[in-house]
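# Inside the fold
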Amino acid sequence: MLRLENVHTRYGNIEALKGVSLDVEQGEIVTIIGANGAGKSTLLMTICGSPKASEGRVLYEGRDITRLPTYDIVNLGISQSPEGRRIFPRMTVYENLQMGAVPTGGKWFEQDLERVFTLFPRLKERLHQRGGTLSGGEQQMLAIGRALLARPRLLLLDEPSLGIAPILVQQIFKAIVEINRMQGLTILLVEQNAYQALKIAHRGYVLATGRLVMAGTGRELLANPEIRAAYLEGG
Ligand code: ATP
């Protein structure tokens, strides 16, 4: 469904991605783990076309999307829930969710909203509260819910567990599995919380300073001694 071929991404003189090649198949959850600054966010942003790859290709459903503007990429069915839960803080939960449905013209909004509430009942309780007053975990739920309302076929999640209380982390990972199983949505997830993220993944990759250094099934990576030492200590 998604293929990256030798993707390089630069910020001026800094090369954040140094030749990344990977595949995501339809229906999979694929996790990319990596330390701070490894290039995880850059990888997801490059798929969305901002910044654009300086070298290499991004293919989605067989089509070269490397040079497409971001809004065209979104319209092809790729939706991202960004790091830092970039929701609209002054808008209510409801209004934030409405914004998510803009790419679909709002046609399925009411029915999709019910599905989001099934995943995240907390959002229904907070519907008329301003986004900025939600807790970190609730904002994360809102960001994922908003991304789902765009009706993507490929969902990109940037560190959904970052800065969230452990109990909400569990809920969010559970919801990710449900979204994948019930809706058949393909998910590419980047995470520092390697243990949880590999546990729910069909396959995973390890990103280190802009290069993929290891690949395997979620189970293989979890059992790998090098990964355990580098990413799972105490996890
Ligand atoms: P984290 O887990 O800390 O968010 P990450 O793995 O997502 O890290 P990126 O945010 O992709 O890493 O950053 C990769 C590298 O690119 C880092 O060295 C970072 O400093 C650099 N970088 C990221 N954004 C920019 C930017 N806008 N301008 C210049 N350098 C950048």
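You'll find the structure just up there.
This text gives an overview of the structure that appears in the document. Predicted model only: the values in this text are computed from it and were never measured.

Another point: the sheet that holds strand β2 (residues 14-24). Strands sit in the order β2-β1-β4-β5 across an open sheet of four strands; the sheet is antiparallel. Of all strands in the sheet, those bounded by a partner on one side alone are β2 and β5 (63-64). Note that strand β4 (residues 55-60) and β5 share two bridges and pair antiparallel. Directly across from L59, in β5, lies its bridge partner D64.

Next up on the list: the site of the ligand. Neighbouring the ligand are 14 residues, the closest being N36, G37, K40, S41 and T42. Residue A38 places a main-chain N or O atom 3.1 Å away from an oxygen atom belonging to the ligand. Within the side chain of T42, an N or O atom sits 2.5 Å from an oxygen atom of the ligand. Protein contact buries 62% of the 630 Å² of open area that the ligand shows by itself. Contributing elements (two or more residues each) for the shell around the ligand: β2 and α1 (40-47). For the shell around the ligand, the element with the most residues is α1, which contributes three residues. In terms of residue class, the shell around the ligand is built from five nonpolar, six polar and three charged.

Judged by pairing direction, the sheet is mixed, and its six strands sit side by side in the order β6-β7-β8-β3-β9-β10 without closing on themselves. Each edge of the open sheet is held by one strand with a lone partner, namely β6 (78-81) and β10 (211-217). Each strand axis lies, on average, 15 degrees off the axis of its neighbour in the sheet, ignoring direction. With five bridges connecting them, strand β3 (residues 29-33) and strand β8 (residues 186-191) associate as parallel partners. Among the inter-strand pairings, T31 is bridged to a residue of β8, identified as L189. In the packing of helix α7 (residues 166-183) onto the sheet, the strands contacted are β3, β7 (154-158) and β8, and the crossing angle to β8 comes to about 155 degrees.

Scoring rules and cut-offs
- Residues numbered from 1 in each chain as written.
- Predicted model: local features only at pLDDT ≥ 70, side-chain atom pairs only at ≥ 80, totals over all residues.
- Heavy atoms only, no water.
- Pairing = 2+ DSSP bridges.
- Helix = DSSP H or I, 4+ residues; strand = E, 2+ residues; numbered from the N terminus.
- Near = heavy atom within 4 Å.
- Polar contact = N/O pair within 3.5 Å; in protein donor to acceptor, adjacent residues only side chain to side chain.
- Areas by Shrake-Rupley, 256 points an atom, 1.4 Å probe, with all protein chains shown as cover.
- Nonpolar A, V, L, I, M, F, W, Y, C, P; charged D, E, K, R; others polar.
- Axes fitted to C-alpha atoms, helices over the stretch in contact; angles between N-to-C directions.
- Contact = heavy atoms within 4.5 Å.

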